[in-house]
Amino acid sequence: MRARTAIVCSVADQGVAALTNILVLVAAARLSTVADFARFSAVYLVFTVLLGVFGAYTGQPLVLRRGEGEEVRGACRSAVAFTLLAASALGALLALVCLPLPGATARALMVLGLVLPVVLGQDTMRYAFSTLHLPHLALASDVLRLICVLGALSVQPYGAPAARLVTVWGLSALPALLLSAALLHRRVANSPLRPGVLLRRGHLGRRFVVEFGVGNATSQLSVLALGMVGNPLVVGALRGATTLFGPLNVLFTSATGFGPPLLGRLDSERRRVRATATLAAVLAATAGAWATALALLPDTIGRQLLGDTWPTAAALLPATGSQYAAMAVGTCGLLALRLLDPRTTLSIQVVFSLAAVAFLTGGYVLGGVPGAAWGLCLGSVCKAAATWTRVARLRRRTPAQKAPVSANAVRSGS
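The structure displayed is predicted, hence computed values, not measured ones. (Residues numbered from 1 in each chain as written. Predicted model: local features only at pLDDT ≥ 70, side-chain atom pairs only at ≥ 80, totals over all residues. Heavy atoms only, no water.)

Enquirer: Sorry if this is basic, but what is going on with the pattern of salt bridges here?
Expert: A side chain with one charge may pair with a side chain of the opposite charge, provided their charged atoms come close. Following the criterion strictly, the structure yields five salt bridges and no others. Arg126 serves as the salt-bridge partner of Asp123, at 2.7 Å between the closest nitrogen and oxygen. With Asp123 and Arg126 both in helix α4 (residues 104–131) and three residues apart, the pair spans about one turn of that helix. Note on Asp123: relative accessible area 11%, which makes it buried. One salt bridge connects Asp142 with Arg126, and the closest N-O pair in it is separated by 2.7 Å. Placement of the pair is Asp142 in helix α5 (residues 135–154) and Arg126 in helix α4, with a sequence separation of 16 residues. (Salt bridge = Lys/Arg side-chain N within 4 Å of Asp/Glu carboxyl O. Helix = DSSP H or I, 4+ residues; strand = E, 2+ residues; numbered from the N terminus. Buried < 20%, exposed > 50% of the residue type's maximum accessible area, 1.4 Å probe, protein only.)

What follows is the structure, encoded as structure tokens:
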């Protein structure tokens, strides 16, 4: 597949996956009472966290592998097998714990445990297709899943309990799982199957899980903490502003999750870093253009999007737009580091995630909600500068210093 076509398929696949998650929540909200939707949202939040953890542990190390030989095909097969086994064990444990517990939320969590191997297995196969340079197959699977889940939810009655909605949502991914399994089997049959490799000490997935936890938990919890001890308006305003930039989150996720196989096609480290820098410039310009378009929206349209939250969110657009431009540069810097030396990203994620919390808090103390938004922007700017400074240092290493990284970290995924 040509690189341009592969890029389009990768971005489209990520967009379809994100759209599925959004429409599932919309459909559930329309079908449920307020109480049942709250239960479904809580269960779906648990799934979202588990999806991120499994993606970090199995998916991201997988896409860093280069080549198309038997070793890479075996890694894809092993990653899928590991996900199915681990998700089955974790799902069974969750179901057993929730079985004796009373309440509708416990029943919904029990059902989530039963369907967990289906939804997580299908997601891991997306990473496998990307690693094998077959993003169009991942796109076909996700389109099928979107059609099935919307069709299944559309025939549910109003007032359906959360457990029923979780069951329908989870089982609707089964056709996409079977299609992906059939397509993947044709490519990886008879390749080595070693799921235990992912449990070995030094597996990159452990570091990426910590990065996921630090990068997501710190920002979410810090905003919630400010809302609890300060002004609750800060939560709605910041969340409303970031919601408007949802399409850019899709692009950023596509870059980090599915960019390495595409950039790995380039024949030299210098060309890969240059391509990543070009991608950073393109994404930053896209963020600026998107922020400008949002700032020019009429108030009537803005209120249709965010309701009464629109005026406060609109006031934060300059800060949030600048933050997302810096995030674009930082995301691509982390992508370059993943290609050069995957072990260097953890320290940056930890340090600057904590720094972002400090900037957020300090900005709120000095300038209220706008100050908090500019504090987040400053944290993203510092993180972007640190990533590209590290990229420049790694680029100046001697060939002898670079050899151990490419031979051990990237090829073995550990």
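Now that the structure is up, let's keep going.
Enquirer: Looking at this structure, I do not really get helix α11 (residues 269–295). What am I missing?
Expert: Note that an α-helix has 3.6 residues per turn; residues three or four places apart therefore point the same way. The end-to-end C-alpha distance of α11 is 39 Å, a good match for the 39 Å that 27 residues give at a rise of 1.5 Å each. Along α11, the positions that sit buried rather than exposed are Glu269, Arg272, Val273, Thr276, Ala280, Leu283, Ala284, Ala287, Ala291 and Leu294. (Expected span 1.5 Å × (residues − 1).)

Enquirer: It is not clear to me how the packing of aromatic side chains should be interpreted in this structure. Could you clarify?
Expert: For any pair of aromatic rings, geometry is given as the distance between the ring centres together with the angle between the planes. On inspection of all chains with the given rule, the structure shows six aromatic pairs. Arranged with centres 5.7 Å apart and planes meeting at 20°, the rings of Phe40 and Tyr44 form a pair that is stacked. Of this pair, Phe40 and Tyr44 both sit in helix α2 (residues 34–63), four residues apart, roughly one helical turn. For the pair shown, Phe40 and Tyr44 are each scored as buried. Aromatic side chains Phe252 and Tyr324 sit 6.1 Å apart centroid to centroid with 20° between the ring planes, which places their arrangement in the stacked category. Taken together, the positions of Phe252 in helix α10 (residues 246–263) and Tyr324 in helix α14 (residues 317–340) put the pair 72 residues apart, joining distant regions of the chain. Here Phe252 matches Tyr324 in class, with each residue buried. (Phe/Tyr/Trp six-rings, centres within 6.5 Å; stacked < 30°, edge-to-face > 60°.)

Enquirer: I'm lost on the environment of Ala38 in this one. Help?
Expert: Its place among the elements puts Ala38 in helix α2. Judged by its relative accessible area of 45%, Ala38 is partly exposed. Along the sequence, Ala38 and Ala28 sit ten residues apart, while their C-alpha atoms lie 9.9 Å from each other.

Worth remembering: the numbers are spatial, not functional.
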